[in-house]
Structures are given as C-alpha cells and as structure tokens.
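Now for the letters of each chain:
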Amino acid sequence: MQRRTFLKGSLASGALAVAAGAGLLKPTKVLAAWPEAAFETKITPEDALKTALGMSDAADSGDIKIKAPLQAENGAVVPIKVETSLPAEAIAIVAVANPAPLATFVNLTGAGGFYSARIKMQQTSNVHAVVKSGGKLMKATQQIKVTVGGCGG
Amino acid sequence: MARLTKMKIKQVGGKHQVLVLVNHPMETGRRKDSKTGELIPAHFIKTMTFQHNGKPVAEANMGAGVSKNPLIGIELMSAKSGDKVSVAWTDNKGESGSADTAVK
C-alpha cells in the first residue's frame, strides 16, 4: 500500500523530480500563507483588500496606469496590466462587481512596479488597480464593459 | 500530472518583463458541468513565486477570478544578461509546477 502511494506520488511529481535532480530547482520558500478569506465570494472589495494588504483606504493616484480594454467581448479573459512609478510593495487587481472581487495580488520584494494578469469578469464593472507603497494604498480605476460574463455559466 | 509551465522574458523599453503561462483550468467551483448539471469542483492556482538569481522578488496570490491558462507578468529590476529567473506555483489541490530561464 505504501509502495503504491509512493509510486503515485513520484509519478505525479515526475517532471519536478527530474528538475530537482538536475539541481535546477530550489525548494520553494513559502513567503506568506495564502490568504483564503481575501478571495472568498460575498466579501466586499474593502474587506478583501484589508485581508490581503492589511488596509483598505486607497486614494486615487495619477502614478498608476491601467492598461486594459474599454470593452471586453469575452468576460472570461480580460487582460489587465498595471504599471506604476511608485515604489510598490504590492499590487492588487480588484473587479468590483465580481462574486469574489479580489482577482489577484502580488507581493513585490525586489521586482519592479508592474503586474499583469488575465482575469474573469462577470459583468460590466469598475476595475481598481491598487498599489501599496510606503505603507499606504493608492489606486487607479477604469470601467470595463463586458458583453458576455465569464464567471459561472 | 505535470502541467505545462512556460516562461518568457521580453525587453520593453530597457526593462525586462517576465511572462509566465500555465496550462491550468482555473475552475471557480461555481460552474456547472453542462452534461451532468453538477458543480465542477474548484481548481485554481493559489500562489506563484518568482526568483531572480535565487532571490524571491515577487509572490503572486490569486483566486479563481484569474482566467483559465493564466498569463502572469512581472518586471525585473536591474536585470543583466545571464541572470537566472525561475518561477514555481502551487494550486488548491496540491499540484505544482515550475520553470526557469535566463535573461538574454
């Protein structure tokens, strides 16, 4: 039985094991626990930000640029690019009207002020790009019109 | 089952952008199977960590609100030719994957 489990496990991580064996892969350090509550549905965008970034009051800033379509034909794939000249500690992408408003966020520990991802959008809504910089939150907002929703279905 | 993880570094205006593409369904857990009418269990990538020359530089956290086959991009600071960049991800079912490449 144990052998079986072992075999299964080693097959599953086959490619990984090869990479590790070749000395290419360093063990992944866990920087912080994944904040489950931040990604839950029925959470307000403010609470999601509080859970993910420790605060929720974000002031509008002209130093953050969102590059995203004004109208998304397919809500399942909406490309969002966030760029900022601020020294960013974290960047979050929030689609206000989604069941789970916080789509994704990144903690930056040496990377530049840039983050891009493709997100799902259920309906036309404002999208916030929230940047944590110097212990404060700053945001930029863009409305994205969605013709066909991309959550559920 | 190893999932395809691709990484590409492209230069944009003197800066290096790292793009990672993972072959992953990113199921929300709220979608129904059109044939059986049953909910498809949630299955999505939770974290993705980027290392630049062995030093962690970014940790992306995501929920199921990220599109299927996620394409995630970050930017390197002061990257030089030959620098090693690697990425590793894990999902909510314990699957994981990684990729590495060098700056051209």
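Summary of the structure given here.

The next subject is the overall build of chain A. Secondary structure assignment for chain A yields three helices and nine strands. For chain A, the sequential pattern of α-helices and β-strands runs α-α-α-β-β-β-β-β-β-β-β-β. Burial status across chain A gives 42% buried among its 153 residues. Excluding contacts between residues fewer than 6 apart, the proportion of contacts in chain A whose partners are at least 24 apart in sequence is 63%. Surface summary for chain A: the accessible area is close to 8000 Å², and the carbon and sulfur share equals 55%.

For the coordinates displayed, the defined rule picks out three aromatic pairs over all chains. Ring centres of phenylalanine 39 of chain A and phenylalanine 105 of chain A lie 6.0 Å apart, and the angle between their planes is 15 degrees; this geometry places the pair in the stacked category. Taken as a pair, phenylalanine 39 of chain A in the loop between helix H2 (14-21) and helix H3 (45-53) and phenylalanine 105 of chain A in strand E6 (residues 102-108) lie far apart in primary sequence, 66 residues in all. For the pair formed by phenylalanine 39 of chain A and phenylalanine 105 of chain A, the shared burial category is buried. Linked through ring pairs, Trp34, Phe39 and Phe105 of chain A together with Phe44 of chain B together constitute an aromatic cluster.

With that settled, the discussion passes to the side chain of lysine 139 of chain A. All names here are of chain A. Looking at where lysine 139 falls in the secondary structure, it is placed in strand E9 (residues 136-148). Among the polar contacts made by the side chain of lysine 139, one reaches the main-chain carbonyl oxygen of alanine 58 at a distance of 3.4 Å. When near neighbours in sequence (up to four residues on either side) are disregarded, lysine 139 contacts Ala58, Ala59, Asp60, Ser61, Ile64, His128, Ala129 and Val130.

Turning our attention to the interface of chain B and chain A. Contacts between the two partners involve 42 residues from chain B, matched on the other side by 37 residues from chain A. Of the roughly 3300 Å² buried between chain B and chain A on both sides combined, carbon and sulfur atoms contribute 52%. By the criterion of area lost to chain A, the three top residues of chain B are Arg30, Glu59 and Asn61 of chain B, representing 18% of everything that side buries. At the junction of chain B and chain A, the tally comes to zero salt bridges. Seen at the junction of chain B and chain A, the total is 20 residue pairs in polar contact (both at pLDDT 80 or more).

Okay, the pattern of salt bridges next. Across all of its chains, the model carries three salt bridges over all chains by this definition. With a closest N to O distance of 3.5 Å, aspartate 60 of chain A and lysine 139 of chain A form a salt bridge. Of this pair, aspartate 60 of chain A sits in strand E1 (residues 58-60) while lysine 139 of chain A sits in strand E9; the two residues are 79 residues apart in sequence, bridging distant segments of the chain. The partner of glutamate 27 of chain B in a salt bridge is arginine 31 of chain B, with the nearest N and O atoms 2.6 Å apart. In this structure arginine 31 of chain B comes out as partly exposed when scored by relative accessible area, which is 33%.

Here the focus is the environment of isoleucine 144 of chain A. Residue and element names in this part refer to chain A. Mapping isoleucine 144 onto the fold places it in strand E9. On the basis of relative accessible area, isoleucine 144 is assigned to the buried category, the value being 0%. C-alpha separation for the pair isoleucine 144 and alanine 100, spaced 44 residues apart in sequence, amounts to 17 Å.

Residues and elements named next belong to chain A. Inspection of H3 places Pro45, Ala48, Leu49, Ala52 and Leu53 among the buried residues, and these make up the whole buried set. Along the axis of H3, the buried residues cluster in a sector spanning 100 degrees; they form a single face. Elements in contact with the buried residues of H3: strand E5 (90-95), E6, strand E8 (125-133) and E9. The first or second residue beyond H3 is glycine 54, which carries a positive phi of 85 degrees.

Let's shift gears to the side chain of arginine 3 of chain B. All names here are of chain B. Mapped onto the elements of the fold, arginine 3 is located in the segment before strand E1 (5-12). The exposure class of arginine 3 is buried, given its relative accessible area of 18%. A distance of 3.5 Å separates a polar side-chain atom of arginine 3 from the backbone oxygen of asparagine 23. Of the polar contacts made by the side chain of arginine 3, one reaches the side chain of glutamate 95; its length is 2.8 Å. Arginine 3 has contacts with Asn23, His24, Pro25, His43, Trp89 and Glu95, leaving out every residue within four places of it along the chain.

Let us now look at the nonpolar core. Among the nonpolar cores identified, the biggest contains 66 residues, and Leu53, Ile80 and Leu102 of chain A together with Val18, Met48, Phe50 and Ile74 of chain B are the most heavily contacted of them. Ranked by residues supplied to this core, first place goes to E5 of chain A with six residues.

About the cut-offs
- Residues numbered from 1 in each chain as written.
- Chains lettered and ligands numbered in written order.
- Predicted model: local features only at pLDDT ≥ 70, side-chain atom pairs only at ≥ 80, totals over all residues.
- Heavy atoms only, no water.
- Helix = DSSP H or I, 4+ residues; strand = E, 2+ residues; numbered from the N terminus.
- Buried < 20%, exposed > 50% of the residue type's maximum accessible area, 1.4 Å probe, protein only.
- Contact = heavy atoms within 4.5 Å.
- Areas by Shrake-Rupley, 256 points an atom, 1.4 Å probe, with all protein chains shown as cover.
- Phe/Tyr/Trp six-rings, centres within 6.5 Å; stacked < 30°, edge-to-face > 60°.
- Polar contact = N/O pair within 3.5 Å; in protein donor to acceptor, adjacent residues only side chain to side chain.
- Buried area = accessible area lost by both parts, 1.4 Å probe.
- Salt bridge = Lys/Arg side-chain N within 4 Å of Asp/Glu carboxyl O.
- Arc of directions from axis to C-beta.
- Core = buried A, V, L, I, M, F, W, Y, C linked by side-chain atoms within 4.5 Å.

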